[in-house]
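A look at the structure
The residues making up each chain are set out below.
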Amino acid sequence: MYVAFGRKARTEAAASIASLREHHAWPVLVVGDKPIKGAEFKRFDTPGTPGRWAKVNLDTLTPWTQTLFLDADTRVHGDLSLGFRLLAAGYDLVIVPSRPQHNESLRHLSDEERKRTLAELPLDPLQLNTGVMWFGSGAAPLFAVWREEWQRWRDKDQGALLRALYRHPVAVAVVGQPYNDAHGEVIEHRFGACA
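Residues numbered from 1 in each chain as written. Predicted model: local features only at pLDDT ≥ 70, side-chain atom pairs only at ≥ 80, totals over all residues. Heavy atoms only, no water.

Points about the packing of aromatic side chains
Applying the stated criterion across every chain yields a total of five aromatic pairs. For the pair Trp26 and Phe84, a centre-to-centre distance of 5.1 Å together with 85 degrees between the ring planes defines the contact as edge-to-face. With a gap of 58 residues between them, Trp26 in the loop between helix H1 (7–21) and strand S2 (29–32) and Phe84 in helix H4 (residues 81–88) connect regions that are remote in the sequence. Centroid distance Trp134 to Tyr179: 6.1 Å. Interplanar angle 70 degrees. Geometry classified as edge-to-face. Separated by 45 residues along the polypeptide, Trp134 in strand S7 (residues 128–136) and Tyr179 in the loop between strand S8 (172–174) and strand S9 (187–189) bring together distant segments of the chain. With respect to burial, Trp134 and Tyr179 carry one shared label: buried. (Phe/Tyr/Trp six-rings, centres within 6.5 Å; stacked < 30°, edge-to-face > 60°. Helix = DSSP H or I, 4+ residues; strand = E, 2+ residues; numbered from the N terminus. Buried < 20%, exposed > 50% of the residue type's maximum accessible area, 1.4 Å probe, protein only.)

Some details on the side chain of Glu149
If you trace the backbone, Glu149 turns up in helix H6 (residues 140–153). Overall, the relative accessible area of 5% leaves Glu149 in the buried class. One polar contact links Glu149 to Arg152, side chain to side chain, over a distance of 2.7 Å. Among the polar contacts listed, one links the side chain of Glu149 to the side chain of Arg167, at a separation of 2.9 Å. Non-local contacts of Glu149, meaning those with residues more than four positions away in its chain, are made with Ala160, Arg163, Ala164 and Arg167. (Polar contact = N/O pair within 3.5 Å; in protein donor to acceptor, adjacent residues only side chain to side chain. Contact = heavy atoms within 4.5 Å.)

See below:
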């Protein structure tokens, strides 16, 4: 499943889908403003930052009980079945931590949202990168809280996810950087290519 709003995002998503199909023959759904050839399409009107509202609504938009979400600016270089095996083992969400952590975490948020998020969460939260996520139907309550938290600033989604996980914990499997990184061996993330 992809979210793609705007020409650049659709171009990136088409390239990502092509790379996915080199490894898997899975069905693909694109949520956005215009269809992409070779993928199912669902139009979605989004408030706030384009695409972010769609991302926090993935659970209501997916036609599947288990879903892999990939940011449009990703490229698949290997087998992605690990995430589905972890969902089958009982996890609700499979995700990769962001490279920036500790003092650098959540630096992409507004100053106010970053300050409030860090104040609301215990200790030093592990920042998670929402550009690659596997999730099952058990994550639906988390997504509901994620939407509530996103509504507070209506901008980025990562701080809202951390606050939602604190409010409504689910079973999260954390996998390594090869699955979501600028130099990822399995999933290469071309951060900012859609901007």
